[in-house]
Amino acid sequence: MNKVYEKLLDCFECVKDKIPYKPKVALILGSGLGDFADCQKIDGVIDYNEIAGFPVSTVAGHKGRFVFCEVMGVKTVIMQGRVHLYEGYEPTDVVLPVRLMKMMGAEILFLTNAAGGVNFDFKAGDLMLIEDHISSFVPSALKGENIDELGVRFPDMSDIYDKNIREIIENTAKENNIKLKKGVYLQTAGPAYESKAEIRMFRNLGADAVGMSTAVEATVANHMGMKICGISCISNLACGMTDNPLTHEEVKETADRTAPIFKELVTKIIGELGKI
Ligand code: HPA
């Protein structure tokens, strides 16, 4: 059997008796949103390190666990801590948690992240609805033998971030007076922030925000036929757009500052996702 699929099945075997229910929504928490799960009434927890072979985040401040809870009455599995390519994991390991949440029964993947603003109309603290992505600068987690049990060899990518859900998100933001930009997210491998020339190039290519996660996760979720949506917290303007050098502290500080409104929006959106 395909080794990647075999590992996924082994991981599922480890978790299947610990899952309190079949979740509808799988939510991945980005920087700043990390404590979203702590604010919920928790129905179940699975630590990543309880799962044999599971990738565990090495980033300080990133927890590593699945949390099950009902958000606005909608059964949700939350990834509190994700793994990134820059930590040195194989792309197939980076996306393993997403595949596992689909095996748990999740139908909708809700991605969140902190990202650098590339669009000059953005400012630090903005929230951006992800309309599409550019993943051409990172390796594909779908390379290698296709896992036919999960999806087709050459998946269509013309509607990665579900159009209907994007409309729901825009309406939810409007109804709650939350300003929401929209745009294209570009993933880099990291861990270095980009150079000024790279940011100019990314802008010319049509990117509005840049970050080190999300597109690989969306790509495999799309492969499996999940409905996908995503929101970026613009934690900083990208390299060269201000005079200040970029620091992880600045990214964290803005993400933390934006967290209350981001959490409110995510909560309301999940409530709406329960209706589809
Ligand atoms: N670049 C890449 N990743 C990021 C950034 C950035 O400016 N901000 C937050 N994550």
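The structure reproduced in this document is the subject of the present report. (Residues numbered from 1 in each chain as written. Predicted model: local features only at pLDDT ≥ 70, side-chain atom pairs only at ≥ 80, totals over all residues. Heavy atoms only, no water.)

### Some words on the overall build of the chain
Counting secondary structure elements, the chain contains 7 helices and 9 strands. Taken along its principal axes, the extent of the C-alpha atoms in the chain is 50 × 40 × 35 Å. Looking at the 276 residues of the chain, the share that counts as buried comes to 55%. Within the chain, contacts between residues separated by at least 24 positions form 82% of all contacts whose residues are at least 6 apart in sequence. Summing over all exposed atoms, the chain offers an accessible surface of approximately 11900 Å²; the carbon and sulfur share of this is 51%. Computed over 31 positive and 38 negative side-chain charges, the separation of the two mean positions in the chain equals 3 Å. (Helix = DSSP H or I, 4+ residues; strand = E, 2+ residues; numbered from the N terminus. Buried < 20%, exposed > 50% of the residue type's maximum accessible area, 1.4 Å probe, protein only. Contact = heavy atoms within 4.5 Å. Areas by Shrake-Rupley, 256 points an atom, 1.4 Å probe, with all protein chains shown as cover. Lys, Arg positive; Asp, Glu negative; His and termini not counted. Charge placed at Lys NZ, Arg CZ, Asp CG, Glu CD.)

### What to know about the nonpolar core
Counting 50 residues, the largest nonpolar core has Phe66, Leu100, Met101, Met104 and Leu109 as the members making the most contacts within it. Sorting elements by how many residues they give to this core places helix H1 (residues 3–15) first, with 5 residues. Residues within four places of Met104 in sequence aside, it is in contact with Phe12, Val15, Ile19, Lys22, Pro23, Phe66, Phe68 and Val77. Among the nonpolar cores identified, the runner-up in size contains 29 residues, and Ala37, Ala173, Cys233 and Leu265 belong to it. (Core = buried A, V, L, I, M, F, W, Y, C linked by side-chain atoms within 4.5 Å.)

### Remarks on a nonpolar patch on the surface
A surface patch of nonpolar side chains, about 260 Å² in accessible area, is lined by Phe137, Met201 and Leu205. Checked against the element boundaries, Phe137 lands in the loop between strand S6 (127–134) and helix H4 (163–175). A residue is classified by how much of its surface remains accessible, and Phe137, at 36% relative accessible area, is partly exposed. (Patch = residues over 30% accessible without salt bridge, like charges linked within 9 Å, V, L, I, M, F, W, Y side chains within 5 Å. Salt bridge = Lys/Arg side-chain N within 4 Å of Asp/Glu carboxyl O.)

### Observations regarding the site of the ligand
Residues in contact with the ligand, as listed here, are Ala114, Ala115, Gly116, Tyr193, Glu194, Val210, Gly211, Met212, Ser235, Asn236, Leu246 and Val251. In the environment of the ligand, a nitrogen atom lies 3.3 Å from a nitrogen or oxygen atom belonging to the backbone of Gly116. At 2.8 Å from a nitrogen atom of the ligand is found a side-chain nitrogen or oxygen belonging to Glu194. When the ligand sits alone it has 260 Å² of accessible area, and the protein chains cover 95% of it. Sorting the residues of the shell around the ligand by element identifies strand S5 (108–117), strand S8 (209–211) and strand S9 (227–237) as the ones contributing at least two each. For the shell around the ligand, the class distribution of residues is 7 nonpolar, 4 polar and 1 charged. (Near = heavy atom within 4 Å. Polar contact = N/O pair within 3.5 Å; in protein donor to acceptor, adjacent residues only side chain to side chain. Nonpolar A, V, L, I, M, F, W, Y, C, P; charged D, E, K, R; others polar.)

### As for the environment of Gly211
Relative to the helices and strands, Gly211 is located in strand S8. In this structure Gly211 comes out as buried when scored by relative accessible area, which is 6%. Through-space distance from the C-alpha of Gly211 to that of Gly144 is 25 Å; in sequence the pair is 67 residues apart. Look past the residues within four positions of Gly211 in its chain and what remains in contact with it is Tyr185, Leu186, Gln187 and Thr188.

### Focus: the packing of aromatic side chains
What describes a pair of aromatic rings is the distance from one ring centre to the other and the angle between the planes of the rings. Counting across every chain of the model gives 5 aromatic pairs. One aromatic cluster is present, formed by Tyr48, Phe54 and Phe66 through successive ring pairs. When the ring centre of Tyr21 is taken as reference, the NZ or CZ atom of Lys75 above it lies at 5.4 Å. (Phe/Tyr/Trp six-rings, centres within 6.5 Å; stacked < 30°, edge-to-face > 60°. Lys NZ or Arg CZ within 6 Å of the ring centre and 35° of its normal.)

### Some thoughts on the pattern of salt bridges
Taken as a whole and assessed by the stated rule, the structure comprises 17 salt bridges. One salt bridge in this structure joins Lys41 and Asp43, with 2.9 Å as the shortest N-O distance. Using a relative accessible area of 29% as the deciding quantity, one classes Asp43 as partly exposed. A salt bridge links Asp126 to Lys181, with the nearest nitrogen and oxygen atoms 2.8 Å apart. Residue Asp126 is located in the loop between S5 and S6, and its partner Lys181 is located in strand S7 (residues 181–187); the two are separated by 55 residues in the primary sequence. A residue is classified by how much of its surface remains accessible, and Asp126, at 9% relative accessible area, is buried. Overall, Lys181 belongs to the partly exposed group, its relative accessible area being 28%. Look at the salt bridges and you will find they share partners, linking Lys123, Asp126 and Lys181 into a network.

### Description of the side chain of Asp93
The topology assignment puts Asp93 in helix H2 (residues 91–94). Filtering out sequence-adjacent residues up to four positions away, Asp93 remains in contact with Lys7, Pro55 and Val83.

### Re H4
Over its 13 residues, H4 extends 18 Å from the first C-alpha to the last, a length consistent with the 18 Å expected when each residue adds 1.5 Å. Three or more residues of H4 are buried, namely Ile165, Arg166, Ile168, Ile169, Thr172 and Ala173. Burial along H4 is one-sided: seen end-on, the buried residues are contained in an arc of 160°. With respect to the buried face of H4, the exposed residues turned more than 90 degrees away are Lys174 and Glu175. Where H4 is buried, its residues contact S5, S6, S9 and helix H7 (248–273). Residue Asn177 follows H4 closely and has a positive phi angle near 55°. (Expected span 1.5 Å × (residues − 1). Arc of directions from axis to C-beta.)

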